[in-house]
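Chain residues, written in single-letter form:
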Amino acid sequence: MYKENRLPQNPKEGVLFMLIISILSVNTIAPIIVGMERGFSVAHYIDTLKIIPFAWIALMILIRFIVKPAAGFLFKRFAGEADGFNARILLNIVLNVSLISFFMTIIGPWIGMGEINFDTLQHFFPTWFRNFGIAFWVELLFAQPIARAVMKSIHTRNRLKTA
């Protein structure tokens with residue numbers, strides 16, 4: 001799977017891939033979730049734009065130190081050797097989105113409110129399932145396909161240069 005044309009093949013491409021996915025995801029998922037919580041309006045969208053950089057930083061730290069190692073461990077446990085590309089990508093998305101949405105359901109309101117408040121845990125499970133659903137579909141239909149298309153175009157361009 002490492003040499004798959006639609007996936008990063010070196011650390012530099014890995015960073016680009018992660019940046020594309022994270023920027024698209026944060027700028028799509030956060031406004032949808034805030035809109036569902038507080039209503040869709042320009043004022044709420046502007047409020048969301050103010051917290052997105054902090055949410056993105058928290059997300060990068062979370063991915064690097066918690067989600068990536070845990071999802072990698074779980075992926076090895078559940079992925080079969082004969083699984084195809086699409087099955088492996090779907091499993092990867094489910095694992096990553098499950099873990100990220102779990103933690104961001106707790107941390108996200110803290111960032112948005114500017115304080116640690118455990119009241120968000122009262123409605124954790126319904127909120128988490130909603131957040132997971134939003135994040136899953138954004139990743140599956142929007143962020144991941146765009147990032148894979150960018151990787152494919154980079155690899156195609158590099159292959160044409162060397163040919």
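The written sequence of each chain sets the order in which its residues are numbered from 1. It should be noted that, the model being predicted, local features are given only for residues of pLDDT at least 70 and side-chain atom pairs only at 80 or more, the latter also being counted only at that level, while totals for whole chains, interfaces and linings use all residues. The side-chain numbers reported here are obtained from all heavy atoms of the structure, hydrogens and water having been left aside.

Caption draft 1: How the structure looks around the overall build of the protein chain. Think of it this way: any DSSP run of H or I at least four residues long counts as a helix, any run of E at least two long counts as a strand, and we number them from the N terminus. Assigned secondary structure in the protein chain consists of 4 helices and 0 strands. Each helix (α) and strand (β) of the protein chain, taken in turn from the N terminus, gives the series α-α-α-α. Judged by the C-alpha coordinates and their principal axes, the protein chain covers about 55 × 35 × 25 Å. Under the scheme applied here, a residue whose accessible area is under 20% of the maximum for its type counts as buried, over 50% as exposed, and between as partly exposed, the area being computed with a 1.4 Å probe on protein chains only. Burial status across the protein chain gives 36% buried among its 163 residues. All accessibility values rest on the Shrake-Rupley procedure with a 1.4 Å probe; residue burial counts only the protein chains present in the view. When the accessible surface of the protein chain is totalled, it reaches about 10,100 Å², and 69% of it is carbon and sulfur. Charged residues are defined narrowly, with Lys and Arg counted positive, Asp and Glu counted negative, and His plus the chain ends left uncounted. Taken as the charge location is NZ of Lys, CZ of Arg, CG of Asp or CD of Glu. The positive charge centre, built from 16 side chains, and the negative charge centre, built from 9, are 12 Å apart in the protein chain.

Caption draft 2: Representation of the pattern of salt bridges. When a carboxyl oxygen of Asp or Glu is within 4 Å of a side-chain nitrogen of Lys or Arg, the pair counts as a salt bridge. Enumeration according to the criterion identifies 3 salt bridges in this entry. A salt bridge links Glu4 to Arg6; the nearest nitrogen and oxygen atoms lie 2.6 Å apart. Taking relative accessible area as the criterion, Arg6 reaches 28% and is therefore assigned partly exposed. Among the ionic pairs, Arg38 bridges to Asp47, the shortest N-O distance being 3.0 Å. Among the residues examined, Asp47 registers a relative accessible area of 30% and is labelled partly exposed.

Caption draft 3: A look at the packing of aromatic side chains. Stacked, edge-to-face and tilted labels apply to pairs of Phe, Tyr and Trp rings (six-membered ring for Trp) whose centres lie within 6.5 Å, assigned for plane angles under 30 degrees, over 60, and everything in between, in that order. Per the stated rule, a full pass over the model turns up 11 aromatic pairs. Arranged with centres 5.1 Å apart and planes meeting at 80°, the rings of Phe124 and Phe125 form a pair that is edge-to-face. Following the ring pairs from residue to residue traces out a cluster consisting of Phe102, Phe103, Phe124, Phe125, Trp128 and Phe129. In this structure, Arg6 packs its charged tip against the face of Phe85, placed 3.8 Å from the ring centre. Our definition puts a charge over a ring when NZ of Lys or CZ of Arg is within 6 Å of the ring centre and also within 35 degrees of the ring normal. Just above the ring of Phe65 sits the side chain of Arg64; from NZ or CZ to the centre is 5.6 Å.

Caption draft 4: Focus on the nonpolar core. Ranked by size, the top nonpolar core spans 18 residues in total, and within it Phe17 and Ile29 carry the most contacts. Elements supplying a minimum of two residues to this core: α1 (11-38), α3 (85-113) and α4 (124-162). The element that contributes the greatest number of residues to this core is α4, accounting for 8 residues. In what follows, a contact means two residues having at least one pair of non-hydrogen atoms within 4.5 Å. Contacts of Ile29, omitting those with residues within four sequence positions, involve Ile134, Ala135 and Val138. Counting 16 residues, the second-largest nonpolar core is a separate cluster that includes Met60, Ile63, Ala79 and Leu95. Residues belong to one nonpolar core when they are buried, are Ala, Val, Leu, Ile, Met, Phe, Trp, Tyr or Cys, and are joined through side-chain atoms within 4.5 Å.

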